[in-house]
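Below, each chain spelled out in residue letters.
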Amino acid sequence: MKNPLSLWLDSDVAYSFRTSPVAVGAALVALLCLFCAVFAPWVAPHNPFDLTTLELSDARLPPAWNTEGGGSLKYLLGTDDQGRDILSAVIYGARISLIVGFASVALSVVVGVALGLLAGFKGGWIDALLMRLCDVMLSFPAILVALLIAGVGRAMFPNGGESLAFGVLILSISLTGWVQYARTVRGSTLVERNKEYVQAARVTGVSSLRIMRRHVLPNVLGPVLVLATIQVATAIITEATLSFLGVGAPPTSPSLGTLIRIGNDYLFSGEWWITVFPGAMLVLIAVSVNLLGDWLRDALNPRLR
């Protein structure tokens, strides 16, 4: 009997991945960014948030290849206005952005799948109420709702600390992200609840909760997986936007959006590297995750192959 890894390697999805150069390249880039973010304390050459190691005399140094402007191999991508190493700041900033992105998507999936499953399986007034709630949430721009929640949370808890700031940030992004999962799961559940295996489970006296959890849920997770992969990039960009506007990650633990905002003040004075490299890292993560999501959508849908 083959183990699960062998079965997966022989599957159509694995074959589609091996024969897609774009998917392989995107996966390698995404894994490299994830590896650097997870192991930032060991990968980064400096700790950019250790105030004892900062030297203001090294502020706004150009990248290492610009030796005429004062570039040094000690700071490969230059330094910012406080003397922080840009390469190290980008690695640590990507770590924060990825944590917020994955956490907000995970919360959105849990809430959206649960409500969508309930609405599609039960129907009636529960379905109508939840779908009208989704319509109301979709009528507001996601970034506006996230900006409002993040601003209100910071105003109510001005001294809440970094953990509370990150919690408010994740909640603000998840508040609008769950709607797409709820509508997707609800549509799939409407199809699954009328199939024979669900009817047979009802006849044998299986409870509705057990039917939803053990029978319907596994059959509606395919579209959710694709949507979650794509939404990770959207959540990271939303977090970067909020941080750029000053209501995202706290200044003591800046994300990529905060680094871009700091560098934007020096963009037109010649210190382009302070904002360009964090922006390039953000684009790299978003594009690689989006390409993986597009490949996964095509691989799981035979009609799109």
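Here, residues in each chain are numbered from 1, in the same order as that chain's written sequence. Two thresholds apply to this predicted model, a pLDDT of at least 70 for residue-level local features and 80 or more for giving and counting side-chain atom pairs, whereas whole-chain, interface and lining totals are computed over all residues. Based on all heavy atoms of the structure, the side-chain values leave hydrogens and waters out of the count.

- Looking up the protein in an unreviewed UniProt entry gives the name Peptide/nickel transport system permease protein, with the organism given as Paracidovorax wautersii.
- UniProt positions are given in the numbering used here, feature names are shortened, and annotations may be inferred rather than shown by experiment. Word for word, the UniProt comment on the protein under Sequence similarities (unreviewed entry) is "Belongs to the binding-protein-dependent transport system permease family."

## Section: the overall build of the protein
Part 1: On a plain count of helices and strands, the protein comes out with 13 helices and zero strands.
Part 2: Secondary structure is summarised from DSSP: a helix means a run of H or I of at least four residues, a strand means a run of E of at least two, and numbering begins at the N terminus for each. Along the protein, helices and strands appear, N-terminal first, in the series α-α-α-α-α-α-α-α-α-α-α-α-α.
Part 3: When its C-alpha atoms are laid out on the principal axes, the protein stretches across 80 × 50 × 30 Å.
Part 4: Working definition: with a 1.4 Å probe on protein chains only, accessible area under 20% of the residue-type maximum means buried, over 50% means exposed, and in between means partly exposed. Counting over 305 residues, the protein shows a buried share of 43%.

## Digging into the layout of surface pockets
Part 1: Cavity: a set of points on a 1 Å grid over the protein atoms alone where a 1.4 Å probe fits but cannot get out. Pocket: an open set with protein on both sides within 12 Å along at least five of seven lines, its lining residues, like those of a cavity, having an atom within 4 Å of a point. Grid points are joined across faces, edges and corners, and a volume is the space filled by probe spheres set on the points. In this structure, the largest pocket spans a volume of roughly 330 Å³.
Part 2: Those elements giving two or more residues to the lining of the largest pocket turn out to be helix H3 (21-38), helix H5 (86-122), helix H11 (221-244) and helix H13 (273-300).
Part 3: Ranked by the residues each element gives to the lining of the largest pocket, the list is headed by H13, at six residues.
Part 4: If you add up the space inside the second largest pocket, you get close to 280 Å³.

## A short note on empty space enclosed by the protein
Part 1: Following the criterion strictly, the structure yields one cavity of 30 Å³ or more and no others.
Part 2: One number sums up the size of the largest cavity: a volume of about 40 Å³.
Part 3: Lining of the largest cavity is provided by Asp 80, Arg 84, Ile 86, Ala 89, Leu 259, Ile 262, Ile 274 and Pro 278.
Part 4: As a working rule, the residues Ala, Val, Leu, Ile, Met, Phe, Trp, Tyr, Cys and Pro are called nonpolar, Asp, Glu, Lys and Arg charged, and the rest polar, with Gly in that last group. Taken together, the residues of the lining of the largest cavity break down into six nonpolar, no polar and two charged.

## Structural notes on H11
Part 1: Compared with the 34 Å implied by 1.5 Å per residue over 24 residues, the 34 Å span of H11 between its first and last C-alpha is a close match.
Part 2: Of all the bends in H11, the largest measures some 30 degrees and sits at Gln 231.
Part 3: Just downstream of H11 lies Gly 246, where phi reads positive at about 95 degrees. Any helix carries an expected span of 1.5 Å times its number of residues minus one. The reported bend at a residue is simply the angle between two axes, fitted to the 7 residues ending at it and to the 7 residues beginning with it.

## Details of the nonpolar core
Part 1: Counting 51 residues, the largest nonpolar core has Ile 86, Val 100, Val 216, Leu 256, Met 281 and Ile 285 as its most contacted members.
Part 2: In terms of residue count, the dominant contributor to this core is H5 (11 residues).
Part 3: Aside from chain neighbours lying at most four places away, what touches Met 281 is Cys 33, Val 90, Ala 94 and Leu 256.
Part 4: Counting eight residues, the second-largest nonpolar core is a separate cluster that includes Met 131, Cys 134, Met 137 and Val 179. Among the buried residues, those of types Ala, Val, Leu, Ile, Met, Phe, Trp, Tyr and Cys that are joined through side-chain atoms within 4.5 Å form a nonpolar core. In this analysis, two residues are considered to be in contact whenever any of their non-hydrogen atoms come within 4.5 Å of each other.

## Quick notes on the UniProt feature "transmembrane region" (unreviewed entry) in the protein
Part 1: UniProt feature "transmembrane region" (unreviewed entry): in the numbering of this structure it lies at residues 21-44, 96-121, 133-157, 163-181, 216-237 and 272-296.
Part 2: Helix makes up 92% of residues 21-44 and strand 0%. Its end C-alpha atoms lie 29 Å apart.
Part 3: Segment residues 272-296 splits into 96% helix and 0% strand. End C-alpha atoms: 36 Å apart.

## Remarks on the packing of aromatic side chains
Part 1: Here a pair means two rings of Phe, Tyr or Trp (six-membered ring of Trp) with centres within 6.5 Å. Their orientation is stacked below 30 degrees between planes, edge-to-face above 60, and tilted elsewhere. Counting across every chain of the model gives five aromatic pairs.
Part 2: With a centroid separation of 5.8 Å and 80 degrees between ring planes, the pair formed by Trp 272 and Trp 273 is classed as edge-to-face.
Part 3: On the basis of relative accessibility, which here comes to 35%, the residue Trp 272 falls in the partly exposed class.

## Observations regarding a nonpolar patch on the surface
Part 1: Patches here are clusters of residues that have more than 30% relative accessible area and form no salt bridge, with a 9 Å joining cutoff for like charges and a 5 Å cutoff for nonpolar side chains (Val, Leu, Ile, Met, Phe, Trp, Tyr). Calculation of accessible area relied on Shrake-Rupley with a 1.4 Å probe; when residues are assessed, cover is drawn exclusively from the protein chains displayed. By convention in these notes, a salt bridge is any Lys or Arg side-chain nitrogen within 4 Å of a carboxyl oxygen on Asp or Glu. Side chains of Leu 31, Leu 34, Phe 35, Val 38, Phe 39, Trp 42, Val 43 and Phe 102 sit close together on the surface and give an oily, nonpolar patch of about 790 Å² of accessible area.
Part 2: Going through the elements one at a time, H3 and helix H4 (40-43) are the ones with two or more residues in the nonpolar patch.
Part 3: Along the polypeptide, Phe 35 turns up in helix H3.

## Some points on the pattern of salt bridges
Oppositely charged side chains can pair when the atoms bearing their charge come close.
Part 1: Scanning the entire structure with this criterion turns up five salt bridges.
Part 2: Of the charged contacts, one joins Asp 80 and Arg 84 as a salt bridge, the two residues approaching to 2.7 Å between their closest N and O atoms. Comparing Asp 80 with Arg 84, the two get one shared label, buried.
Part 3: Here Arg 132 makes a salt bridge to Asp 135, at a shortest N to O gap of 3.0 Å. Within this pair, Arg 132 and its partner Asp 135 are both found in helix H6 (residues 124-138), separated by three residues, close to a single helical turn.
Part 4: For Arg 132, a relative accessible area of 48% gives the class partly exposed.
Part 5: Members of the salt-bridge network, linked through shared partners, are Arg 132, Asp 135 and Arg 183.

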